[in-house]
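The chain contents come next:
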Amino acid sequence: MNTLPQQLANGLFLGSMYGLIAIGYTMVYGIVQLINFAHGEIFMTGGFGALTVYLALPDGISMWIALPAMLIGGALVAVLIAVGAERFAYRPLRGAPRLAPLITAIGLSLALQQAVFNWYHVDGDAKSARVFPQLPFGPLHLGSVTVQSGDVFLIIAAPLCMAALAFFVRLSRTGRAMQATAQDPDTAQLMGIDTNRIIVIAFAIGGFFAAVAGVSYGLKYGSVSYDMGFLAGLKAFTAAVLGGIGNIYGAMLGGLVLGVAEAMATAYIADVPGMHQLGGGSWAPVWAFVLLILVLLFRPQGLLGERVADRA
Amino acid sequence: MTALLEVEDLRVAYGKIEAVKGISFSVEAGQVVTLIGTNGAGKTTTLRTLSGLLKPTSGRIVFDGKPLSGVPAHKIVALGLAHSPEGRHIFPRLSITENLQLGAFLRKDKEGIEKDIQRAYDLFPILGERRKQAAGTLSGGEQQMLAMGRALMSRPKLLMLDEPSMGLSPIMMQKIMATIAELKSQGTTILLVEQNAQAALSLADQGHVMEVGTVVLSGTGQDLLHDESVRKAYLGED
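Residues numbered from 1 in each chain as written. Chains lettered and ligands numbered in written order. Predicted model: local features only at pLDDT ≥ 70, side-chain atom pairs only at ≥ 80, totals over all residues.

Novice: I'm lost on the overall build of chain A in this one. Help?
Specialist: Secondary structure summary: chain A contains 11 helices and four strands in total. The C-alpha radius of gyration of chain A comes to 20 Å, within 12% of the 20 Å expected for a compact globule of 312 residues. Overall, chain A is about 55 × 50 × 35 Å in size when its C-alpha atoms are taken along their principal axes. Expressed as a percentage of the 312 residues in chain A, the buried residues total 48%. Look at the contacts in chain A between residues 6 or more apart in sequence, and 75% of them connect residues 24 or more apart. (Helix = DSSP H or I, 4+ residues; strand = E, 2+ residues; numbered from the N terminus. Rg over C-alpha atoms; globule rule 2.2 N^0.38 Å. Buried ≥ 20, exposed ≤ 12 C-beta atoms within 10 Å, placed from the backbone. Contact = placed C-beta atoms within 7 Å.)

Novice: Please explain the sheet that holds strand S2 (residues 17-27) of chain B as it appears in this structure.
Specialist: Adjacent strands of a sheet pair through backbone hydrogen bonds, lying either parallel or antiparallel. Residues and elements named next belong to chain B. If you trace the four strands from one edge of the open sheet to the other, you get S2-S1-S4-S5, paired in antiparallel fashion. Edge positions in the sheet fall to S2 and strand S5 (66-67), since each of these pairs with one other strand and no more. With two bridges joining them, strand S4 (residues 58-63) and S5 adopt antiparallel strand pairing. When the bridges of S5 are listed, valine 62 appears paired with proline 67. (Pairing = 2+ DSSP bridges.)

Novice: Can you walk me through the sheet that holds strand S3 (residues 32-36) of chain B in this structure?
Specialist: Residues and elements named next belong to chain B. Read across the open sheet, the six strands follow the order S6-S7-S8-S3-S9-S10; overall the sheet is mixed. The two strands at the open ends of the sheet, each matched to only one other strand, are strand S6 (81-84) and strand S10 (214-220). Pairs of neighbouring strands in the sheet enclose a mean axial angle of 15°, with direction left out of account. In this sheet, S10 lies alongside strand S9 (residues 206-211) in antiparallel orientation, the contact comprising six bridges. Bridged to glycine 207 within S10 is glycine 219. Across the sheet, helix H1 (residues 43-50) lies against S3, S6, strand S7 (158-162), strand S8 (190-194) and S9, angled at about 145° from S7, the strand it touches most. In the packing of helix H7 (residues 170-185) onto the sheet, contacts are made with S3, S7 and S8, and the angle to S8 comes to roughly 160°. (Axes fitted to C-alpha atoms, helices over the stretch in contact; angles between N-to-C directions.)

Novice: What am I meant to see in the UniProt feature "transmembrane region" (unreviewed entry) in chain A here?
Specialist: All names here are of chain A. UniProt annotation of "transmembrane region" (unreviewed entry) refers to residues 12-32, 63-85, 97-120, 152-169, 198-218 and 282-298 when read in the numbering used here. Overall, residues 12-32 shows 100% helix and 0% strand. The separation of its end C-alpha atoms is 30 Å. Along residues 97-120, the helical share is 88% and the strand share 0%, with 36 Å between the first and last C-alpha atoms. (UniProt positions renumbered as here; feature names shortened; annotations may be inferred.)

Novice: When you look at helix H1 (residues 4-32) of chain A in this model, what are you seeing that I'm missing?
Specialist: Residues and elements named next belong to chain A. Taking 1.5 Å per residue as the helical rise, H1 with its 29 residues ought to reach 42 Å, and the 41 Å between its terminal C-alpha atoms agrees with that figure. Along H1, the sharpest change in direction is near 30° and occurs at isoleucine 21. The element H1 is extensively covered by neighbouring structure, given that 24 of its 29 residues are classed as buried. (Expected span 1.5 Å × (residues − 1). Bend = angle between axes of the 7 residues up to and from the residue.)

In structure tokens form, the structure reads like this:
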């Protein structure tokens, strides 16, 4: 099982999930220069929204019917929370010192965690994880690589979402307006662009991608929990910085690089002489953040940081 | 006939500091009107208020018969007021063509837009030659041409130009001023803010001299050009 192609594949699956979440960080940052630290919780509510829809459906329903409904439900919840957060938490603070929206984001993050925790709390149940339904087929074997059923969803959903986003940003009128708003919001208004609307769209797209990632997480790990957004959110933020914050291609690339680095380090670092006690999954976040520190030290603009210099 | 733009007792403040302290002026259709004055006189603040980027503390702005109070910036463009901002502010990572297309963001007539892009290239051939290049790679003068071309793309009733000659070489400055003269001869209504008072007044039908937030002197371009105090203060004569 511990072959190199298998580890590479594991890293890519994990990385595309990070990348989906990272899109939300990077789009919002690109347009309003805000790090929405509640975005990890938006990912989490996406997963729980999908689970709630599943539980509301009749028992024994086929996952082929349930999954689209779960996706829509999860996306609806995540997009509403993301857009609501923008409207009621962040918009009133636009123009306030940077620290104010940051603290608001952390507060929102805790509030969402606790709200979901209480909502799904079962008396006498100390565990926070809730079982998530699985796709009705076993692992696929492609040569030496085994693909779990949950990862199959990711392999299809992540590239599809990314391609759709790239086309949207490059080719649509709204996408062009987003680019303009990201580069110069005041001047974008002078062109007749309603920048408030563009900001709402950025939050909504981020929320939708986070929901797809939330469903992926449930399918991949078999459960969702109220605190799953904390670490996943931090790692996705790392991925966004790694790729070059503000750059949507960077977010996806950063996610993949981070996922592969984590998988490789987890699998192989223990083989390095003298480092045998550093192997295993519990060290994975350490490698992710070591990578973040290295990027911030040596390439702070990220892998795909903006290339064209602005001339004054 | 009422003026295309009427500004009455306009006041604008940044926090407690009042930058524009009750100015009034008007722009008739077909005219070139210039605001001149030193740094900090409130000229740019005035333009940014007219285009809706800043909110006035009091006063009235009536454009094409409609009061602009409370109208957000992105809707003011739709009324026919275009603003080429100080410092050019082209979109650096978009191409020249994309910048021009954004200038026509609210228009739906595809063919008309194409025609107007071609007209911008006729007006500024260098932009046509480099149409696919990222705008951030252009020289300052070329960026200024792009900013003006972009502002024209909305087919404005009034074109506001803020410091179009700022930071340009003398040759480039002449080119820009010649272009403004050409636009004027085509009947474009222009509100021009300039530190280069000589050039601006030579072009202008009307001029207003601003000092620390107030209009201290108004007259025709020619009158101001020959006014002794203006010559001393702004044209560098003793």
